[in-house]
Amino acid sequence: MKKVYETVSDMILPGIVFAGVMAILIGAALLGSIGKRMNVKGEDFSHMADTKAVQEVCGRKEPVIQCIGDKVWNTGQSIAVSQLFSAVDEDGGKVPVTVLDIKDQNGNSVLNCYQKAGGQAVFSQRGVYTFFLKAMDRERKTSTEEISILVDNRQG
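All figures in this text were calculated on a predicted structure; none of them were measured in a lab. (Residues numbered from 1 in each chain as written. Predicted model: local features only at pLDDT ≥ 70, side-chain atom pairs only at ≥ 80, totals over all residues. Heavy atoms only, no water.)

## Let's talk about the overall build of the protein chain
- Broken down by element type, the protein chain carries three helices and ten strands.
- Secondary structure elements in the protein chain, listed N-terminal to C-terminal, are α-α-β-β-β-α-β-β-β-β-β-β-β.
- In summary, the protein chain has a C-alpha radius of gyration of 33 Å against a globular reference of 15 Å for 156 residues, an excess of more than 25%.
- A burial count over the protein chain gives 22% of its 156 residues as buried.
- Put simply, 58% of the contacts in the protein chain that link residues at least 6 apart link residues at least 24 apart.
- Summed over its atoms, the accessible surface of the protein chain is roughly 11400 Å², and 56% of this surface lies on carbon and sulfur atoms. (Helix = DSSP H or I, 4+ residues; strand = E, 2+ residues; numbered from the N terminus. Rg over C-alpha atoms; globule rule 2.2 N^0.38 Å. Buried < 20%, exposed > 50% of the residue type's maximum accessible area, 1.4 Å probe, protein only. Contact = heavy atoms within 4.5 Å. Areas by Shrake-Rupley, 256 points an atom, 1.4 Å probe, with all protein chains shown as cover.)

This is the structure in structure tokens:
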């Protein structure tokens, strides 16, 4: 009786597992095809004012930051960031430029050379200084830019 039980269990257990796997696969295929046939009515939000406003804001281009002043400065000379860099939004309006960081040619932050209140930077040593700038328009679209200047005793 024990041999019969072992033989039957060796055939029935794999058969049950196989039948379970097949049931899952067939069920998934049937549910998928039933779901494809269902016609679900939904609302079309594409013509609503909010949707158009969001699409317009998302479609705006980021402000463009550029250097409008000299790229060569003397050591100890006061550099007005507002006169050195400018940002323009998509509509052509001026956008304020924010200094995020200033790094020297070795990659060290020299933000202590920048006086945020006056918007002035003064560098006491010669070198190449990279300004990390940010501009944000009225729709809160932001852009960042890295612009380098040379601080030396030459005129550019």
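## Focus on the nonpolar core
- Within the largest apolar cluster, 21 residues are counted, with the highest numbers of intra-cluster contacts made by Ile 102, Phe 123, Phe 131 and Ile 149.
- At the level of secondary structure, the elements contributing two or more residues to this core comprise α3 (81-84), β4 (85-88), β6 (97-103), β9 (127-136) and β10 (142-151).
- If you tally residues by element for this core, the top one is β9, at four residues.
- Ile 102 has contacts with Asn 108, Ser 109, Val 110, Leu 111, Tyr 114, Phe 123, Tyr 129, Thr 130 and Phe 131, leaving out every residue within four places of it along the chain. (Core = buried A, V, L, I, M, F, W, Y, C linked by side-chain atoms within 4.5 Å.)

## Describing the environment of Lys 134
- Mapped onto the elements of the fold, Lys 134 is located in strand β9.
- Separated by 101 residues in sequence, Lys 134 and Ser 33 place their C-alpha atoms 51 Å apart.
- In contact with Lys 134, not counting residues within four places along its chain, are Ile 65, Pro 96, Val 97, Thr 98, Leu 100, Ser 143 and Thr 144.

## Thoughts on a nonpolar patch on the surface
- Where nonpolar side chains cluster on the molecular surface, the patch consists of Leu 13, Val 17, Phe 18, Val 21, Met 22, Leu 25, Ile 26, Leu 30, Leu 31 and Ile 34 and spans about 990 Å² of accessible area.
- Assignment of secondary structure puts Leu 25 in helix α1 (residues 2-37). (Patch = residues over 30% accessible without salt bridge, like charges linked within 9 Å, V, L, I, M, F, W, Y side chains within 5 Å. Salt bridge = Lys/Arg side-chain N within 4 Å of Asp/Glu carboxyl O.)

## Describing the side chain of Asp 152
- You can see Asp 152 is positioned in the segment after β10.
- One polar contact links Asp 152 to Arg 126, side chain to side chain, over a distance of 3.1 Å. (Polar contact = N/O pair within 3.5 Å; in protein donor to acceptor, adjacent residues only side chain to side chain.)

## Remarks on the side chain of Arg 60
- By secondary structure assignment, the location of Arg 60 is in the loop between α2 (49-59) and β1 (64-67).
- When its relative accessible area of 10% is taken as the criterion, Arg 60 is described as buried.
- Reaching out from Arg 60, the side chain makes a polar contact with the side chain of Asp 91 at a distance of 3.3 Å.
- Other than its neighbours up to four places away in sequence, Arg 60 contacts Asp 89, Glu 90, Asp 91, Asp 137, Arg 138, Glu 139 and Lys 141.

## A closer look at the packing of aromatic side chains
- Enumeration over the complete set of coordinates arrives at three aromatic pairs.
- Look at Phe 123 and Tyr 129: their rings are 4.1 Å apart centre to centre, the planes differ by 15 degrees, and that puts the pair in the stacked class. For the pair formed by Phe 123 and Tyr 129, the shared burial category is buried.
- Each ring, one from Phe 123 and one from Phe 131, has its centre 6.1 Å from the other, and the planes form 85 degrees; the classification is edge-to-face. (Phe/Tyr/Trp six-rings, centres within 6.5 Å; stacked < 30°, edge-to-face > 60°.)

Keep in mind these numbers describe shape, not what the thing actually does.
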